[in-house]
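Take a look at the letters that make up each chain.
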Amino acid sequence: MKLRVMAAQLLIVLLLGMVIYGYLDRTLERYQSTEVTEHLTNDAGLARTVAAREIRDLRRDAPALAAAIGREIKARVTIIAGNGEVVGDSELTPRELASLDNHAGRPEVRAALAKGRGSSVRYSETLRTDMLYVAVPFRPATGDNAVLRLALPLSSLEAAKRDFHLVLGGTLSLAALLLVLLSLLLTRVSARSLHAVAAIASRIGQGELGTRVPVEKGSEVGELARVLNDMALRTEEQLGRISAEKNRLDTILRGMGEGIMVADPHGVITLVNPAFKGLFAIQDEVEGKQLIDISRHPALHDSFRDVIAQRQERVEELLLRSPKEKTVLTHWVPLLENGALQGVVAVFHDISDIRQLEKMRRDFVANVSHELRTPVTVIKGYAETLLAGVLEDNPDQAARFVGIIFAHADRLGSLIGDLLTLSQLESGTLVMESRSVRLYDVAEQVRALLEQKALERRVTIDVAGLSDAPAVIADPGRLEQVFLNLMDNAIKYTPAGGSVTLSAEAEGDQVRIVVKDTGTGIPPSDLPRIFERFYRVDSARSREEGGTGLGLAIVKHVVQMMGGSVGAESSGKGSSFYVTLKRG
Amino acid sequence: MKELIRSQFDAELNDVRARLLEMGGKVELMIANSMTALVERNSALAERTILSDLEINAMELEIDRKCLHILARRQPAAKDLRFVTLALKIVTDLERIGDQCASIAKHALELNREAQLKPYIDLPRMAEAANNAVRDALDAFVRGDAQSAARVRQADGFVDELNEQLQRELLTFMMENPATVGRAMRINSISKYLERIADHATNIAEMVIFMVDGKDIRHTSASPG
């Protein structure tokens, strides 16, 4: 580009130079020869007058005169007789004259005789150079017409022309050289600022959007820089908006509890969120992998294929087995853009907990019905037998039957009582007192209640550990219920000779009460579930003992309502139940 | 042009791989379902499991055909050749596992018609171990991970032990009461099938090691030394 501009400029200068050179050369040459010819003609006129007066005899006076004039006007002077014979010449001796040829045929001589004046430019054999000849006729005092000819060698003219050419050519070459240098300098300057702009533009292109081009006012590059800066600013703003949007979406996706997966129509995963990875227990990068590499669950692939083929949403429950058994509700949506399938979005919602709760509720209803039906069936059976005649026929047996009916009615009553308590606890309608309670007083009361039972089973109850325990904030009546349930359980599951020990210790602003027995213990697999309603480690034994299966559930609810927590630990040598309450 | 052929070739290999893994997924589900059918006495699930063996058989034929097609048309070399031959073998193992699951489900159907002989404790543990072995073997195949493939061989030993233990236990049942022989034999068969499933998983794992390292470790000891 730079070179092309320079070549064009040079060409124009050279062309112009040539034209000027040619023109000047022509005019100057013409002007010069006219000037010289005129000058010579004037001289010739003067010389003619002198010659006409001075020459008496042509042959005698002519040589001397020619020499004299020639000296004065610094030109060759030739005097030619009318017949063409050269009679005098300023540059030749008279002897040499004789050897000259007749000059009558010379064009200037002929013109002078015919028209009174003649001139010509010729190569002179005599002087071996280009000569300008000017001839005029004159009439000497005696004799015929003669011709006076002045001749000037053109060599002086040539020299002048050479000088002129030299000067003109030199000037023009200098002008061309200067021009080349100047244009080189100018292009170099503008190229440098263009280079700077290009470098910054490329930095902007590489992502350094904050870069700006310094604007030079008034230059074309300055305008370019301004436009470039505008563009960079707009791109930066746009990019900022886009990345903010993307960050927002990323945050939403990251924060979602549901797993999200986006795949293209070939099953290559393009996007997932952390919840998805957690659900399928994936640590590595997922994007770019095939769905089949993530999970081989057949239902997953059937759903995917179905959504791709039908292009319709699909909701399905998926049972995952590894790493943990989970029920996952999957919602598949085809990604359509102008009717073309771009891929599939799947949302995975872990509903294991919901399913578990539903199952618990179902189980609860089933359990309640079952628990209620058993005593009712027994009562009904014995009552029927009594009605059938036993009452009259066998009063002793009747009395035993009534005893059984009473026992079951009692069990039914306590079951209904427990259920009511539970439902009150759950609905939150139960009003709880909260005041400072001495643990020892409550424990001692319960111990007295259970004393008889403990004696029968030969289990010792030790509440001495609570004698100087700190007070707690609780509802005394409810706390009694908690102790009753825990201590009753402990007695039930402790074999003869065992003991139930209560203790308490302060833990910050909490008090931890422990009910420890030396019983059979609870299998570790059952431990997390013993506080569930109707959950029994050994259901046959529990019923035999007259338990409703709700005792621990009530304990948990009551303690939680008093702001505390419950738990249990067990080894082969017994179990410890602990209750944590606020210190009073 | 050459690149185009190569990418078509890659797509074909990838297709075989995807179908193989899908088949593996179905087989894994079959193992779990056949055991659930037995433990939960769910005869409908047993019937479904028996039916899904047909799908597995169809997939075996399809993958076999695809592999042969690749061998005939592409004449693969080195790693690709190892992959295709491996796929042909894995597919056979998976199909066998499918058959065994179907057999377990058939026995479960029969057992569900009678009273339960004993609580199923060892069988689900064996099934879980066998299923884990299959899953680990396929995961090793997915990741080209020879190390986890080596672990599968060790898990096989655990299943073998459980199988022997169960057989001894069943023997005492049968000696005590001849009426239990029929059920005990069925349980014995199921235990054997599970043991064989674990063996197939080991085969797959060994072939994965061959594919990754190019080292054939079949018929060598699982634990070094």
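Being a predicted model, the structure only gives us computed values, none of them experimental.

In this section: the overall build of chain B. Check the secondary structure of chain B and you find 6 helices and 0 strands. Moving toward the C terminus, one meets the helices and strands of chain B in the order α-α-α-α-α-α. Every one of the 225 residues in chain B was classed for burial, and the buried ones make up 43%. Within chain B, contacts between residues separated by at least 24 positions form 81% of all contacts whose residues are at least 6 apart in sequence.

Right, let's talk about helix 6 (residues 181–213) of chain B for a bit. For helix 6 of chain B, with 33 residues, the first-to-last C-alpha span of 47 Å sits near the 48 Å given by 1.5 Å per residue. Just downstream of helix 6 of chain B, B:Gly214 is the residue with a positive phi angle, here 70 degrees.

By size, the foremost hydrophobic cluster in this structure holds 84 residues, and its most contacted members are B:Ile31, B:Ala130, B:Val134, B:Ala137, B:Ala201 and B:Val208. The element contributing the most residues to this core is helix 6 of chain B, with 14 residues. In terms of nonpolar packing, the next biggest core, distinct from the first, is built from 39 residues, A:Val463, A:Ala474, A:Val511 and A:Val579 among them.

All names here are of chain A. Reading across from one edge, 12-14-15-17-16 is the order of the 5 strands in this open sheet, with mixed pairing throughout. Every other strand in the sheet has two partners, leaving strand 12 (460–462) and strand 16 (565–571) as the edge strands with one partner each. Averaged over all pairs of adjacent strands, the angle between strand axes in this sheet comes to 15 degrees, irrespective of strand direction. Bridging between strand 16 and strand 17 (residues 574–582) involves 7 bridges; their strand directions are antiparallel. Bridge assignment links Ala 568 to a residue of strand 17, and that residue is Phe 577. The strands that helix 12 (residues 439–457) touches are strand 12, strand 14 (499–507) and strand 15 (510–517); relative to strand 12, the one it contacts most, it runs at about 175 degrees.

This part takes up the environment of B:Glu95. All names here are of chain B. Structurally, the position occupied by Glu 95 is in helix 3 (residues 78–112). Overall, the presence of 21 C-beta atoms within 10 Å leaves Glu 95 in the buried class. When the C-alpha positions of Glu 95 and Ala 58 are compared, they lie 9.5 Å apart, and in sequence the two are 37 residues distant. Those residues in contact with Glu 95, other than ones at most four positions away along the chain, are Ile 56, Asn 57 and Glu 60.

Turning to the interface of chain B and chain A, a few remarks are in order. Interfaces are often described in size by the accessible area the parts lose on coming together. In this complex, chain B contributes 12 residues to the contact, which on the side of chain A involves 9 residues. Elements supplying a minimum of two residues to the side of chain B that touches chain A: helix 1 (2–39) and helix 4 (122–143) of chain B. Residue composition of the side of chain B that touches chain A, grouped by class: 6 nonpolar, 2 polar and 4 charged.

A few words now on the pairing of strand 9 (residues 326–337) of chain A. Residue and element names in this part refer to chain A. Pairing between strand 8 (residues 314–320) and strand 9: 7 bridges, direction antiparallel. Across the sheet, the residue bridging to Glu 317 is Leu 329, located in strand 9. The sheet contact formed by strand 9 and strand 10 (residues 340–350) spans 10 bridges and is antiparallel. Considered in strand 10, the bridge of Trp 332 is made with Ala 346. Linking strand 9 to strand 10, which pair antiparallel, is a turn of 2 residues; within it Asn 338 sits at a positive phi near 50 degrees.

Criteria and thresholds
- Residues numbered from 1 in each chain as written.
- Chains lettered and ligands numbered in written order.
- Predicted model: local features only at pLDDT ≥ 70, side-chain atom pairs only at ≥ 80, totals over all residues.
- Helix = DSSP H or I, 4+ residues; strand = E, 2+ residues; numbered from the N terminus.
- Buried ≥ 20, exposed ≤ 12 C-beta atoms within 10 Å, placed from the backbone.
- Contact = placed C-beta atoms within 7 Å.
- Expected span 1.5 Å × (residues − 1).
- Core = buried A, V, L, I, M, F, W, Y, C linked by C-beta atoms within 7 Å.
- Pairing = 2+ DSSP bridges.
- Axes fitted to C-alpha atoms, helices over the stretch in contact; angles between N-to-C directions.
- Nonpolar A, V, L, I, M, F, W, Y, C, P; charged D, E, K, R; others polar.

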